[in-house]
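# Survey of secondary and tertiary structure
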There are 2 protein chains.
Amino acid sequence: MLKNDLFLRALKRQPTPRTPIWVMRQAGRYLPEYRAVREKTDFLTLCKTPELATEVTIQPVELMGVDAAIIFSDILVVNEAMGMNVEIIETKGIKLTPPIRSQADIDKLIDPDIDEKLGYVMDALRMTKRELDNRVPLIGFTGAAWTLFTYAVEGGGSKNYAYAKKMMYREPKMAHQLLQKITNCISAYIIKQVEAGADAIQIFDSWASALSEDDYREFALPYIKQNVAAVKAKYPDTPVIVFSKDCNTILSDIADTGCDAMGLGWGIEIGKARAELKDRVCLQGNLDPTVLYGTHDKIKSEAAKILKSFGKHTAQSGHVFNLGHGILPDMDPENLKCLVEFVKEESAQYH
Amino acid sequence: MLKNDLFLRALKRQPTPRTPIWVMRQAGRYLPEYRAVREKTDFLTLCKTPELATEVTIQPVELMGVDAAIIFSDILVVNEAMGMNVEIIETKGIKLTPPIRSQADIDKLIDPDIDEKLGYVMDALRMTKRELDNRVPLIGFTGAAWTLFTYAVEGGGSKNYAYAKKMMYREPKMAHQLLQKITNCISAYIIKQVEAGADAIQIFDSWASALSEDDYREFALPYIKQNVAAVKAKYPDTPVIVFSKDCNTILSDIADTGCDAMGLGWGIEIGKARAELKDRVCLQGNLDPTVLYGTHDKIKSEAAKILKSFGKHTAQSGHVFNLGHGILPDMDPENLKCLVEFVKEESAQYH
C-alpha cells in the first residue's frame with residue numbers, strides 16, 4: 001500500500017485533502033546530487049544502469065518532497081530499440097542514424113522484443129519501486145508516436161520538421177506506416193512498464209504544437225488513442241496522462257483519447273481548460289518553468305493564481321500541480337522546494 | 001490610385017471579389033533572384049541599401065503575383081537604432097551587444113531620431129513605392145516591444161527567454177521601463193514608415209507564445225495597443241495588422257488592441273477564430289508553411305480547406321491569405337506560385 005497516493009487519486013479524480021505536485025525533469029541537472037551521479041557517466045549510460053537510474057529517480061522525492069517519482073529515462077530509447085543509432089549529447093544535440101525517409105528505411109526498423117531491448121528500463125522500474133518502498137507512486141513514460149516520428153525522420157531535433165512534414169504531405173501512407181510501427185512498439189513498451197511497477201504512464205508529445213488541428217487529428221491523436229487503449233485493455237486501473245503540449249484549441253479531442261489526465265503548457269489558463277472540459281479528465285500543470293527564476297514571493301503568487309484559477313474541487317475533479325514544461329537546468333533547487341511546500345499548504349483550501 | 005487594392009480593402013473589411021494573398025518572408029532566400037542580390041552583400045547591408053532593398057521587395061510581386069509588397073528589412077533595426085550593436089548571420093544566429101540587463105544598461109539606450117538612425121528604411125519605402133508604381137500596396141513593419149525586449153535582454157535568440165523572464169519576474173518595474181522605451185521608439189518608427197509611403201503596418205510579435213495569458217496581457221498587449229493607437233491618432237485610415245503568433249486562447253484580447261487585422265499561426269482553424277471574433281477584425285493566415293513541401297494537389301487542397309473554413313464573406317468580413325509563418329528558404333518557388341494562383345481563383349466563390 002502506498003503511503004502517499006494523492007497523485008494517483010488526483011489522476012482518477014477522486015477526492016484528496018490537497019493538490020499533489022511533481023515536476024517534469026525533476027530528476028535533472030538543477031540538482032547538485034544529480035550532477036554528481038551524472039559526472040561519472042554519459043546520459044544514455046545513466047538511463048541504462050538501473051542502480052544509477054534508481055538513485056537519480058528517487059533524489060527529488062527525498063530532496064524536494066514531490067508526490068510522485070518519474071523513472072529516469074529518455075523518450076528516444078524507443079527509437080533505439082527499433083534499430084536506430086541514438087546519440088544524446090545533453091544540452092548540445094541529438095543525432096539519430098540513419099534518418100528514416102524511405103520505405104526501405106521503414107522496413108529495416110524492427111518490432112523489438114521489449115524485454116531484450118528495453119529490459120534495463122524494467123530493471124530500473126523494479127529497483128526504484130523497491131527502493132521507494134511505497135513512499136510515493138512511480139510514473140513510467142514514453143514519447144508519443146508523432147514526436148518519436150519526427151526524431152526518426154529528421155534524424156534528430158528540428159526547427160521546422162521539414163523532412164517529417166515532407167513525408168506526411170507527399171507520402172502520407174508511408175508516414176502512417178511508420179507512425180503505426182512506432183505506435184506498436186510504444187504500446188508494448190508501456191504495458192511492460194506497468195508490469196514492472198509503473199503506477200501511471202505519461203505520454204509526452206513534445207512537438208505536438210508543430211501540427212495544425214487537422215494534422216494533429218490525423219497524424220497524432222489516433223496513435224495516442226491506441227496507446228491509451230492498449231494500457232487500458234490490460235490494466236484499466238492504471239492512469240494514463242497525455243501531454244500534448246500547447247494544443248490548447250483541441251483540448252476536447254485530447255480528452256477523447258480516453259486518457260485519465262491531460263498535461264497543459266502555460267499557454268492557457270487552467271481554469272479556462274477546466275471550464276471547457278468540465279472535469280472529464282484530471283488536469284496537470286501548468287506553471288511557466290521560468291517563474292522559478294522569480295523571487296519566492298513571485299513563485300508563491302503565481303502558484304496561488306493557478307490553484308485559484310483551477311478553483312474549488314468537486315467529487316469528480318482532479319488537478320496535479322506541475323510545471324508547463326521541464327524544470328530548467330540552471331534553476332536554484334531552493335526555488336522548487338519553495339514551490340512544492342507552498343502548493344502543499346495553499347491547495348488544501350480548495351479541497 | 002492603387003491598381004490592386006484588394007489587400008487594403010480586405011484589411012478594412014470591405015467587400016472584395018476574391019481573397020488577396022501575400023506571404024511572410026516572400027522576399028527571401030527561396031527565390032534565386034533574391035539569392036543573386038544577396039550574394040553581393042551581407043544581410044544588414046542589404047536592409048540598409050535602399051536600391052537593393054527595393055529590388056528584393058518587388059521581386060515577389062513580379063515573380064509570384066502576390067497582392068502586397070512588404071518592405072525588406074529586419075525587426076532588429078529598432079534595437080540597433082536604440083544603440084545596441086546588432087550582428088545578423090542569416091540562418092546562423094543573432095547577436096546583440098551589450099545585453100540589456102540592468103538599470104544602467106537601460107539608461108544608456110537612446111531615444112533615437114528616426115530619420116537619422118532609420119532613414120534608410122524610409123528611403124527604401126519611398127523608392128519601393130515609386131518603383132511599384134501603384135501596382136500593389138506596400139507594407140511597413142516592426143517587431144513588437146515584447147519580442148524586441150527579448151532580443152535586447154537575451155543579447156540574441158533564446159530558447160527559454162531566461163534573462164528576459166528573470167527581469168520580468170524579479171524586476172518588473174525595470175522590465176516595464178525597457179518595454180516602454182522600446183515602445184516609444186516603435187511608435188515613432190511606424191508613423192515615419194506611413195509618412196514614407198507604407199500603406200499598412202504589421203507588428204510582428206514573433207515570440208508571443210512564450211508568455212502565459214496573464215503575462216501577455218501585462219508585458220505585451222499594452223505596448224502593442226500604444227503602437228496601434230499612435231498610428232491611428234495620426235493616420236486613422238492606415239490599417240494595422242498584429243501578429244501575436246500562436247496566442248490562440250486570447251484572440252479577443254488581441255482584437256482589443258484596436259488593430260484592423262490579426263495574423264494567425266496554423267495552430268487554430270481560421271473558421272474557429274472567425275466564429276470567436278465575429279468579424280470584429282480581418283484575419284490573416286494561416287497555412288502551415290511546410291505544406292508548400294507537398295505536391296501541388298496537397299497545396300491546393302490545404303489552401304481550399306482554409307478558404308472553406310473561413311467561409312462565405314459578408315459585408316463586414318475580411319481575410320488576407322498568408323502562411324502561418326515565413327516561407328522556408330529551401331522552398332521551390334513554383335510551389336508558392338501554385339498557391340498564389342490557386343487562392344486567387346478558388347477564393348472568388350466565397351465573395
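Note: the structure precedes this text.
Described below are features of the structure shown in this document. Everything quoted here is computed from the prediction, not taken from an experiment. Residue indices follow the written sequence of each chain, beginning from 1 at its first position. Whichever chain is written first becomes A and whichever ligand is written first becomes 1, with later ones labelled in order. Whole-chain, interface and lining totals are the exception, using all residues; otherwise, since this is a predicted model, local features are given only for residues with pLDDT of at least 70 and side-chain atom pairs are given and counted only at 80 or more.

Looking now at the overall build of chain A. Helix and strand assignments come from DSSP, with helices taken as H or I runs of at least 4 residues and strands as E runs of at least 2, each series counted from the N terminus. The secondary structure content of chain A amounts to 16 helices and nine strands. Our radius of gyration is a C-alpha quantity, and the globule rule it is checked against amounts to 2.2 Å times the number of residues to the power 0.38. Here the C-alpha atoms of chain A give a radius of gyration of 19 Å, agreeing with the 20 Å that 2.2 N^0.38 yields for 351 residues. The principal-axis extents of the C-alpha atoms in chain A amount to approximately 60 × 45 × 40 Å. With C-beta atoms placed from the backbone, a residue is buried if 20 or more other C-beta atoms are within 10 Å of its own, exposed if 12 or fewer are, and partly exposed between those counts. The buried share of chain A, taken over its 351 residues, is 56%. C-beta atoms are placed from the backbone for every residue, and two residues are taken to be in contact when these atoms lie within 7 Å. A fraction of 74% describes how many contacts in chain A between residues 6 or more apart in sequence connect residues 24 or more apart.

Taken together, the contact pairs 25 residues of chain A with 25 residues of chain B. Among the elements that line the side of chain A that touches chain B, the one with the most residues is helix α9 (residues 162-170) of chain A, at five residues. Polar here means any residue outside two lists: the nonpolar Ala, Val, Leu, Ile, Met, Phe, Trp, Tyr, Cys and Pro, and the charged Asp, Glu, Lys and Arg; Gly therefore counts as polar. Of the residues that constitute the side of chain A that touches chain B, the class distribution is eight nonpolar, nine polar and eight charged.

Turning our attention to the pairing of strand β6 (residues 240-244) of chain B. Residues and elements named next belong to chain B. Most of β6 is tucked away, with five of its five residues classed as buried. Both faces of β6 are covered, namely the face carrying V240, V242 and S244 and the face carrying I241 and F243. By the convention used here, strands pair only if DSSP detects at least 2 bridges between them. Pairing of strand β5 (residues 200-205) with β6, which is carried by five bridges, proceeds in the parallel orientation. Its bridge partner being in β6, Q202 is matched across the sheet by I241. Of the strand pairs in this sheet, β6 and strand β7 (residues 261-263) are connected by two bridges, and their pairing is parallel. When the sheet's bridge partners are listed, I241 is paired in β7 with A261.

What follows deals with unusual backbone geometry. A:G285 connects to A:N286 through a cis peptide bond whose omega is -5 degrees. For A:N286, the position within the fold is in strand β8 (residues 282-287). Cis peptide bonds are those with omega within 30 degrees of zero, and the linkage from B:T97 to B:P98 qualifies with -15 degrees. Turning to its location among the elements, B:P98 is positioned in the loop between β3 (93-97) and α6 (103-108).

The next thing to look at is the relation of the copies chain A and chain B. Superposing chain A onto chain B takes a rotation of 180 degrees plus a shift of 0.0 Å along the axis, which leaves an RMSD of 0.0 Å. This pairing of chains is accounted for by a two-fold axis. Residue by residue, 100% of the interface of chain A is reproduced at the interface of chain B, so both copies engage with the same surface. We superpose the copies by least squares over the C-alpha atoms of residues that have a pLDDT of at least 70 in both of them.

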